[in-house]
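This is what each chain is made of:
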Amino acid sequence: MDAKDDEARSNPEMELEAVIGFNGHVPFGLKLHPDKKYLIYPLGSLVILKRTDDGKQEFLHGHSNNVSCISLSKSGDYIASGQANVVAVKAPVIIWNYAARAIHGQLLLHKVKVEAVAFSPNDKHLVSLGGQDDGSIVVWNVETKQAICKSSASTYGYCLTVEFFHTSDNIFASAGSGTLRIWELDLTNRRIWPTDCRTGKLKRTVKCVEISMCDQYMFCGTTSGDVMKINTRLKLLNNCGPARAKFSGGINVLKVLNSGDMIIGTGSGTLALCSKNNFQTLENGVTSVAFSDEGGQLLVGTEGAQMYRVSFEDFKADLLCTGHRSTIHDIAIPFAMSQVFATCSEEEIRLWRVNKPKELMRLSVPNVTCNTLCFMTDGHGIISGWSDGKIRMFDPKNGKPLLIMNNAHNMGVTTIANSRDSKKIVSGGREGQVRVWELQSQGHRLLNTLAEHKETVTCVKIKSDDSECVTASTDGTCIIWDLVRFVSLQRVIANTLFRSVCYNLDEHQIITSGTDRKITYWYVLDGTSIRELEGSQSGAINTMHVTTDGNHFVTGGEDKQLKVWDYTLGDVTHVGMPLGASITSTKICSSNRVLVCTTADGGIWQWKFPHPPSS
């Protein structure tokens, strides 16, 4: 870990230009700042500030792993965010100064995960809740950045959320599975005193808490789909409903309006305005609700990484922005073009604009997973490989299917490449076969099957003259193939599961990466190893791409950090800030202007490439 930190400090950091994505799995993760100018939300290890007028982004970077919770103070002066770590590692809480866009304080008392954070109404205190491995509540002094006191969150069960009362900096509530408590802070004795709320025989798991403005009642949304109303003075259950038509998927978000109406967001994707029985069904479970303005609009975040604007007047939902909700498997940039790029995840392919990150098109095939994709060299098609063993080609202009190759690989297509003349496709499958296809005006034709790999083919690259290609496999071999005679010319063998392979500029060498954390240079002619670099301090190197001028290449993998290398010297020239999830794919546009990488949490990260192309 120390060597990794030293390397990051010794190399300049790349400029992050834009991020596409939103971690909708973070409860209450979408916030609107009181100045109405910025949306605040997490993705990976970042807290993102996005301007509401033009969409420009700013980034708060201080976490080393995924942000697990977020809170905004009532005044808007502070943002607090917690982190999820691996077992036995302490998880920090960071308080950010909003105006300075800098860390105000870092608090380190919780183990493994911070479940929730909340500010007191006058920004004096912050309460943080540890996850199930920690089980503690800590109250912090925001000004001094010191802990006031710490206590076990519950006697039975576990806590999921905390919320301060509106009229006191010393009273807050906690709730979860088998626990519902109101706490009072005793500053003199540096203690917090809990009082359990009495709910009789009613047993519920509470996911969200909303306290009325006068602090008279506490409303608790449950996984059972009903709302408990608690009298905060008596600490007693007042009511529970609805009695029959409970909300499916449980209640994730609860907001009480000044009129007494209640906004409810459910795990099934229903957004309901209760008193008027207005319902709006969204694509995925609702996890965040924020008030947009006094004109009656809501901002809603979902588990599917989507943000909506909902109007109270007609309760219609307008989609603001989208992102992938799970691992992105591959990314493609058209040849000699840097205005658009495509990504694939689960059952869909999405096309994005570079200069203003925005989804242009979505192509979906239900119940199958898209593992790989590439643009045709002439730009007339998007070629994709799927888990059902089919290769599908789509028109990038309108998304219409152009071609379907059935039974291309019997265990699923894992990698694909298009020749420079756009007349051939080389595909690799999970069963270890490499197949060469000819594209015809009225269909396609299988030219040959190359079956020397024993395991999954993970990467394929074709030479610029279309005469040869190289394939990498998890069987520990890379094979150079003759695409005219369809025979193997050379193979390299290493004690690793190869993940990626690339040609250099003159195509006399290849470089490989894999699970051994090494970057290896090989001669194509005789398969001998030239150079071996330590590519990562921890974890496999999943992806690699060489610039068109051959002077630099970029790597990314399980260590969650993007690195730019000088090809000739074998030195790291620039690094990206650590991301919250493994890097799955990366590409550099042909003009060396834009570098795009994708991560296992569904994030798309666009960087300014630090080296201009050579003449």
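- The protein chain goes by Cilia- and flagella-associated protein 52 in an unreviewed UniProt entry, where it is assigned to Poecilia reticulata.
- The UniProt entry for the protein chain carries the following text under Function (unreviewed entry): "Microtubule inner protein (MIP) part of the dynein-decorated doublet microtubules (DMTs) in cilia axoneme. Important for proper ciliary and flagellar beating. May act in cooperation with CFAP45 and axonemal dynein subunit DNAH11. May play a role in cell growth and/or survival."

Observations concerning the overall build of the protein chain
And step 1. Per the secondary structure count, the protein chain includes one helix and 56 strands.
And step 2. Over its C-alpha atoms the protein chain spans a radius of gyration of 27 Å, differing by no more than 12% from the 25 Å that the globule rule assigns to 615 residues.
And step 3. With the C-alpha coordinates aligned to their principal axes, the bounding extent of the protein chain is approximately 85 × 50 × 45 Å.
And step 4. Of all 615 residues assigned to the protein chain, the portion counted as buried reaches 58%.

Side note on empty space enclosed by the protein
And step 1. Scanning the entire structure with this criterion turns up two cavities of 30 Å³ or more.
And step 2. A494, T496, F498, T512, S513, G514, D516, K518, T520 and W522 are the residues that line the largest cavity.
And step 3. Counting only elements with at least two residues in the lining of the largest cavity, the list comes to β47 (509–514) and β48 (518–523).
And step 4. Estimated volume of the second largest cavity: approximately 30 Å³.
And step 5. G535, S536, I541, T555, G556, G557, D559, Q561 and K563 are the residues that line the second largest cavity.
And step 6. Of the residues forming the lining of the second largest cavity, the biggest block, three residues, is contributed by strand β51 (residues 552–557).

Some thoughts on the environment of V572
And step 1. Here V572 shows up in strand β53 (residues 572–575).
And step 2. Overall, the relative accessible area of 15% leaves V572 in the buried class.
And step 3. Counting along the chain gives 562 residues from V572 to S10, while the straight-line C-alpha distance between them is 9.6 Å.

What about the nonpolar core?
And step 1. Ranked by size, the top nonpolar core spans 27 residues in total, and within it L562, L595, W605 and W607 carry the most contacts.
And step 2. Where this core is concerned, the elements lending two or more residues are β1 (15–20), β3 (38–43), β4 (46–51), β54 (583–588), β55 (594–599) and β56 (604–608).
And step 3. No other element matches the three residues that β3 contributes to this core.
And step 4. Look past the residues within four positions of W607 in its chain and what remains in contact with it is M14, E15, L16, E17, L562, G576, M577, L579, R593, V594, L595 and C597.
And step 5. By size, the runner-up hydrophobic cluster in this structure holds 16 residues, among which are V139, V162, F172 and I192.

Some details on the sheet that holds strand β13 (residues 146–152)
And step 1. The four strands are arranged β10-β11-β12-β13 in an open sheet whose pairing can be described as antiparallel. What marks the edges here is a single partner per strand, and that holds for β10 (114–119) and β13. For this sheet, the mean inter-axis angle between neighbouring strands, taken without regard to orientation, is 20°.
And step 2. In this sheet, strand β12 (residues 136–141) lies alongside strand β11 (residues 125–130) in antiparallel orientation, the contact comprising five bridges. Paired with L129 across the two strands is I137, which belongs to β12.

Quick word on the pattern of salt bridges
And step 1. For the coordinates displayed, the defined rule picks out 18 salt bridges.
And step 2. Residue R350 pairs with E348 through a salt bridge whose shortest N-O separation is 2.5 Å.
And step 3. Look at R350 and you get buried, because its relative accessible area is 4%.
And step 4. You can call E348 buried: its relative accessible area is 12%.
And step 5. Through salt bridges that share partners, E348, R350, E359 and R362 make up one connected network.

A word on the side chain of T456
And step 1. Note that T456 resides in the loop between β41 (443–450) and β42 (457–462).
And step 2. Within polar-contact distance, the side chain of T456 engages the backbone oxygen of R430 at 3.3 Å.
And step 3. Leave out the neighbours within four places in its chain, and T456 touches T414, G429, R430, A472, S473 and T474.

Overview of the pairing of strand β8 (residues 90–97)
And step 1. For β8, a buried count of six out of eight residues is recorded, marking the element as mostly surrounded by other parts of the structure.
And step 2. Linkage of strand β7 (residues 78–83) to β8, two consecutive antiparallel strands, is achieved through a turn of six residues, within which A88 is found at a positive phi near 75°.
And step 3. Counting the residues that bridge the hairpin from β8 to strand β9 (residues 102–111) gives four residues, and of these R101 lies at a positive phi of roughly 55°.

Focus on the environment of G105
And step 1. Secondary-structure assignment places G105 in strand β9.
And step 2. Given the relative accessible area of 5%, G105 is considered buried.
And step 3. Separated by 12 residues in sequence, G105 and V93 have C-alpha atoms that sit 8.4 Å apart.
And step 4. Dropping the residues within four chain positions of it, G105 is found in contact with V93, I94, I95 and K145.

Details of the sheet that holds β53
And step 1. Pairing is antiparallel across the open sheet formed by four strands, whose spatial order is β50-β51-β52-β53. The open sheet has two edge strands, β50 (541–546) and β53, and neither has a second partner. Averaged over all adjacent pairs, the angle separating strand axes in this sheet is 25°, with direction ignored.
And step 2. Direction of pairing for strand β52 (residues 563–566) relative to β53: antiparallel, over a ladder of three bridges. Bridging across to β53, W565 finds its partner in V572.

Overview of the confidence of the model for the protein chain
And step 1. Mean pLDDT over the protein chain works out to 93, with 97% of the residues at or above the 70 mark.
And step 2. The low-confidence segment residues 1–5, where pLDDT is below 50, has five contacts with residues more than four positions distant or belonging to other chains.

Here we look at the pairing of strand β28 (residues 307–311)
And step 1. The element β28 is extensively covered by neighbouring structure, given that four of its five residues are classed as buried.
And step 2. Pairing of strand β27 (residues 297–302) with β28 involves five bridges; the strand directions are antiparallel. Note that in β28 the partner of Q297 across the bridge is S311.
And step 3. Between the end of β27 and the start of β28, which pair antiparallel, lie four residues, with A305 showing a positive phi angle near 60°.
And step 4. Strand direction decides the pairing type here: β28 and strand β29 (residues 317–321), joined by four bridges, are antiparallel. Each bridged residue has a counterpart across the sheet, and for Y308 the counterpart in β29 is L319.

Some remarks on unusual backbone geometry
And step 1. Cis geometry is found at the peptide bond from G241 to P242, where omega equals 0°.
And step 2. Secondary-structure assignment places P242 in the loop between β21 (236–241) and β22 (251–256).
And step 3. For A88, which is not glycine, the phi dihedral falls at a positive 75°.
And step 4. As for its position among the elements, A88 is in the loop between β7 and β8.
And step 5. Residue classification places A88 among the exposed residues on the basis of a relative accessible area of 75%.
And step 6. Of note, the phi angle at E507 is positive, near 65°, even though the residue is not glycine.
And step 7. Position of E507 among the secondary structure elements: in the loop between β46 (498–503) and β47.
And step 8. Judged by relative accessible area, E507 falls into the buried class, the value being 13%.

Quick notes on the rules
- Residues numbered from 1 in each chain as written.
- Predicted model: local features only at pLDDT ≥ 70, side-chain atom pairs only at ≥ 80, totals over all residues.
- Heavy atoms only, no water.
- UniProt positions renumbered as here; feature names shortened; annotations may be inferred.
- Helix = DSSP H or I, 4+ residues; strand = E, 2+ residues; numbered from the N terminus.
- Rg over C-alpha atoms; globule rule 2.2 N^0.38 Å.
- Buried < 20%, exposed > 50% of the residue type's maximum accessible area, 1.4 Å probe, protein only.
- 1 Å grid on protein atoms, 1.4 Å probe; cavity = no way out; pocket = protein on both sides within 12 Å on 5 of 7 lines; lining within 4 Å.
- Points joined across faces, edges and corners; volume = space filled by probe spheres on them.
- Core = buried A, V, L, I, M, F, W, Y, C linked by side-chain atoms within 4.5 Å.
- Contact = heavy atoms within 4.5 Å.
- Pairing = 2+ DSSP bridges.
- Axes fitted to C-alpha atoms, helices over the stretch in contact; angles between N-to-C directions.
- Salt bridge = Lys/Arg side-chain N within 4 Å of Asp/Glu carboxyl O.
- Polar contact = N/O pair within 3.5 Å; in protein donor to acceptor, adjacent residues only side chain to side chain.
- pLDDT = per-residue confidence, 0-100.

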